[in-house]
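As a plain string of letters, each chain reads:
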Amino acid sequence: MAKVNDVRDVIFDQTARSALLEGAKQVYEAVKSTYGPKGNNVILEKQFGDPILTRDGITVARDIYLEDKAQNQGAKLIIQASKKTNDRAGDGTSATVVLAYHILSEATKLVAGGYDAMELRNAITSSAAKVIQYIDTIKEEVNDKKLIEVATISCGDEALGNLIADTIIKVGANGGVTIEEHTNSTTERELVDGFYFDRGFANIGMATDFVTMKAEHTDIPILITKQKINTNAQILPILEKVAASPSRKIMIIGELGGEALATFVMNKGKGSIDGVTVGIPVFGDQETLFLEDVAVMTGARVIQEAEDTSGITAEDFGLANKIIVSESTTTILGGKGDAKAIKDRIKSIEDRLKIETNTMQRERLELRLAKLVGKIAVIRVGGSSDVAREELKFRVEDAVNATQNARKEGIVAGGGTTLLFASQIDGIDLVLQKAMKQCFTELLLNAGENAEYKTEEVLRAGYGFGYNIKSITKEPCQMFKAGVVDPALTIKQVVANASEVAGNMITAGCVITYTNQEHDQSLMDNN
């Protein structure tokens with residue numbers, strides 16, 4: 001008789017919350033050592049290949065799997081918050097774990113003492129919203145000098161910070177930046193023709209690198225479709241052609257879902273095909289224009305809504321030298337579209353801009369034009385060894401994201417300092433207040449400083465003052481003047497995601513997990 005493993009362990013109330021807290025604590029203890037400018041590296045063992053040396057919070061967190069299954073659920077939830085910050089800001093992942101743990105730790109004590117969990121969650125959520133509003137009132141716009149400071153603080157290297165900031169300035173607000181490793185000892189930059197947009201792969205199984213969570217392919221055929229592909233009847237004719245092609249690779253830009261997406265992922269997993277599918281980042285009339293722009297850039301033909309996919313041929317596909325797709329962005333490098341067609345497309349948009357008076361329509365046209373004529377920057381990270389290159393690559397990625405965020409929404413006077421002063425605003429729940437203050441304490445502890453004394457010194461000095469953790473002075477310094485700044489967007493995401501996950505975790509009254517026991521299926525059938 002068949003043996004199945006679907007027996008569950010069930011734990012309740014404070015036992016459940018304590019298990020979740022312990023799981024979160026394990027992630028916190030690992031990640032907090034990476035927190036701040038004087039954070040330490042963590043060495044991650046890999047099943048194959050060399051170990052990874054990194055200070056990247058989400059990379060460390062993703063590698064944690066706990067033997068106790070209930071505790072592992074707590075770990076996964078905290079990791080989920082860090083991942084959300086990474087997806088939306090690309091930085092601040094260590095801070096998210098630190099803040100989330102301290103919120104959860106304080107809140108769990110209160111619930112154990114009789115506080116209503118739902119009311120406490122609501123208080124934390126509303127307090128987080130006030131903090132985010134506060135950050136919006138104190139942030140400052142950036143100039144080129146401030147971008148250099150943000151990049152330098154994030155990557156920890158002045159020369160590299162200059163290179164990263166200069167790269168962000170050169171590609172502009174709508175340009176993309178990709179990071180690669182190469183075998184040279186130096187780090188270099190190149191500007192190439194490319195197309196960048198904010199939409200990532202449709203399924204995590206499409207990643208080719210599960211550390212960076214990216215899919216990278218060279219010389220890949222590209223199918224662009226306006227038709228929503230949801231059924232096997234639509235996707236199978238396409239996959240059959242791909243499987244019979246020399247490369248067996250495909251990138252689909254369009255909406256793929258339902259059984260069609262499952263079939264794509266299954267065939268990729270089996271090795272019948274390789275590739276990635278990416279959704280459309282806009283909607284309405286902008287969707288058609290976007291698809292046509294990408295088609296021109298790559299030499300593809302847009303598949304229409306009522307078209308029979310069995311009639312698609314090799315001539316309908318576009319081509320690109322390389323694509324890089326993350327969970328939230330796509331970069332197409334070296335599209336093989338016809339040069340004259342691209343030039344004509346650009347001219348048609350420029351001509352439209354000359355006569356368009358509607359502000360919103362002008363912004364849309366300018367964005368399309370920027371993507372068609374814009375450049376993509378490729379930063380090639382070098383190092384003396386594979387481990388050194390990989391560690392530097394993580395730092396460069398964080399610094400690029402931080403600098404882009406600063407350009408989008410401005411900067412604040414240090415992330416930890418901002419959280420410290422946010423803890424002092426009126427109407428903030430005591431749990432969030434203590435947790436935000438503790439984030440500043442952790443930065444000082446990682447730097448080997450007297451956290452309690454220096455915290456009081458900063459609060460007495462007022463907002464805008466703090467400590468440059470890299471070279472702490474006796475007295476607090478003026479953070480903006482010292483160039484110790486962080487992107488406002490990142491800190492807002494840290495607060496939003498940490499408070500959300502911790503607030504939800506304290507409301508758990510039960511945790512159900514699989515055991516390692518098997519039972520006879522016939523016993524279940526007879527019930």
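Just above, that's the structure.
What counts and how
Residues numbered from 1 in each chain as written. Predicted model: local features only at pLDDT ≥ 70, side-chain atom pairs only at ≥ 80, totals over all residues. Heavy atoms only, no water. Helix = DSSP H or I, 4+ residues; strand = E, 2+ residues; numbered from the N terminus. Expected span 1.5 Å × (residues − 1). Phe/Tyr/Trp six-rings, centres within 6.5 Å; stacked < 30°, edge-to-face > 60°. Buried < 20%, exposed > 50% of the residue type's maximum accessible area, 1.4 Å probe, protein only. Axes fitted to C-alpha atoms, helices over the stretch in contact; angles between N-to-C directions. Left-handed = near helix turned anticlockwise from the far one by under 90°. Contact = heavy atoms within 4.5 Å. Nonpolar A, V, L, I, M, F, W, Y, C, P; charged D, E, K, R; others polar. Disulfide = S-S within 2.5 Å.

Chemist: Mind showing me how you'd approach helix H13 (residues 386-409) here?
Modeler: The periodicity of an α-helix, 3.6 residues per turn, causes residues three or four positions apart to be oriented the same way. The end-to-end C-alpha distance of H13, which contains 24 residues, comes to 35 Å, matching closely the 34 Å that a straight helix rising 1.5 Å per residue would cover. Of the residues trailing H13, Gly410 is marked for its positive phi of about 85°.

Chemist: Is there a simple way to think about the packing of aromatic side chains in this case?
Modeler: Note on aromatic pairs: each is described by the distance of the centres and the angle between the planes. Scanning the entire structure with this criterion turns up five aromatic pairs. Ring geometry for Phe195 versus Phe197: centroids 6.2 Å apart, planes at 65°, classification edge-to-face. Owing to a relative accessible area of 3%, Phe195 belongs among the buried residues under this scheme. Assessed through its relative accessible area of 1%, Phe197 is described here as buried. Ring pairs connect the aromatic residues Phe195, Phe197 and Phe290, which therefore count as one cluster.

Chemist: Can you help me understand the packing of helix H4 (residues 93-112) against helix H18 (residues 488-505) in this one?
Modeler: Describing two packed helices takes the angle between their axes plus the distance from one axis to the other. In contact at an axis separation of 8 Å, H4 and H18 are set at 35° when each is read in the N-to-C sense. The hand of the H4/H18 crossing is right-handed. Note on element contacts: H18 touches H4 through Val494, Val495, Asn497, Ala498, Ser499, Val501, Ala502 and Met505, opposite Ala95, Thr96, Leu99, Ala100, Ile103 and Leu104. Its residues placed into classes, the contact of H4 with H18 shows eleven nonpolar, three polar and no charged.

Chemist: Just checking my understanding: could you explain the state of the cysteines for this structure?
Modeler: Simply put, disulfide is the name for a covalent bond between the sulfur atoms of two cysteines. Inspection of the entire model under this criterion finds zero disulfides. Its sulfur unpaired, Cys155 is 19 Å from the next cysteine sulfur, which belongs to Cys477. The exposure class assigned to Cys155 is buried, which follows from its relative accessible area of 1%.

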